[in-house]
Amino acid sequence: GVLRGFDQATNIILDESHERVYSTKEGVQQLVLGLYIIRGDNISIVGEIDEELDEKLDLSKLRAHPLKPVIH
Amino acid sequence: MVIPGVQLFFSYFKDLVGREVTVELKNDLAIRGTLHSVDQYLNIKLENTRVVDQDKYPHMVKPNSFFYFFPPSRLSVRNCFIRGSVVRYVQLPPEGVDVELLHDATRREARGG
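From a predicted model like this one, the values you see are computed outputs, not experimental measurements.

Trainee: Go over the nonpolar core, please, and point to the residues and values.
Mentor: Ranked by internal contacts, the top residues of the largest apolar core, which has 22 residues, are B:Val23, B:Leu25, B:Ile44, B:Leu46 and B:Ile82. Contributions of two or more residues to this core are made by helix H1 (6–15), strand S1 (20–25), strand S2 (30–38), strand S3 (44–51), strand S4 (77–82) and helix H2 (99–111) of chain B. No other element matches H1(B), which puts four residues into this core. Setting aside its immediate chain neighbours within four residues, B:Ile44 contacts B:Val23, B:Leu35, B:Ser37, B:Val38, B:Cys80, B:Phe81, B:Ile82, B:Val87 and B:Val90. Residues A:Tyr22, A:Leu57, A:Leu62 and A:Ala64 belong to the second largest nonpolar core, which totals six residues.

Given below as structure tokens:
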């Protein structure tokens, strides 16, 4: 999504957001979520998307292991 | 809350800006990149990001069907911010570590300096 705001605790506001669910068996599932406020405790990485490269991704063909949960 | 010793590593990482590092997260993901910046929480910003072990996590690899044959030069994500609380290790090239300096600094810190 689009990062609209953040604070020192890394709480963020994410607009036009969608969740990508990866699987080793079928293509990527995209779930539209809309406007979210995400509590910083739950955040591991905030990555800046290169739109040019991201557009070239064929999500239906992509197979990937979903990421493991964070264990503190 | 001030945690003793964190200021030491904050200063240490500030001196490492510009170096290639591999950040291993608590979910076993390993991300390599150039250290762009660090803050008091040891949050890390990396540039020219790539994932170590791309066979397992190809969605963070160059979106090209040939990626199994050619090493990826670019990612969908070029720059990223990693929250300090999820970092397990920051792996550095051995030349980048002055063990003596760190040893002295940590000894001083432990003594309560």
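Trainee: If you had to explain the UniProt feature "domain: Sm" (unreviewed entry) in chain A to someone new, which residues and values would you point to?
Mentor: Cross-referencing UniProt, the feature "domain: Sm" (unreviewed entry) maps to residues 1–52 of chain A in the present numbering. Structurally, residues 1–52 of chain A comprises 4% helix and 58% strand, and the distance from its first C-alpha atom to its last is 15 Å.

Trainee: So what's going on with the pairing of strand S2 (residues 12–21) of chain A? Which residues, and what values?
Mentor: All names here are of chain A. The sheet contact formed by strand S1 (residues 2–6) and S2 spans four bridges and is antiparallel. Looking at the pairing, Phe6 lines up with Ile12 of S2. Across eight bridges, S2 lies against strand S3 (residues 29–38) in antiparallel orientation. Bridge pairing in S3 places Glu19 opposite Leu31.

Calculation rules
Within each chain, residue numbers correspond to sequence positions counted from 1 in written order. Think of it this way: whatever chain is written first is A, whatever ligand is written first is 1, and the rest follow in order. Since the coordinates come from a predicted model, pLDDT governs what is reported: local features require at least 70, and pairs of side-chain atoms require 80 or more to be given and counted, while whole-chain, interface and lining totals use all residues. Hydrogen atoms and water are omitted, and side-chain values are computed over all heavy atoms in the structure. Note on terminology: a nonpolar core comprises buried Ala, Val, Leu, Ile, Met, Phe, Trp, Tyr and Cys residues joined through side-chain atoms within 4.5 Å. Summary of the burial criterion: residues with accessible area below 20% of their type's maximum are buried, those above 50% are exposed, and those between are partly exposed, where the area comes from a 1.4 Å probe applied to protein chains only. Helix and strand labels come from DSSP, where a helix needs a run of H or I of at least four residues and a strand needs a run of E of at least two; each type is numbered from the N terminus. In what follows, a contact means two residues having at least one pair of non-hydrogen atoms within 4.5 Å. UniProt positions are given in the numbering used here, feature names are shortened, and annotations may be inferred rather than shown by experiment. One requirement defines pairing of two strands: DSSP has to find at least two bridges between them.

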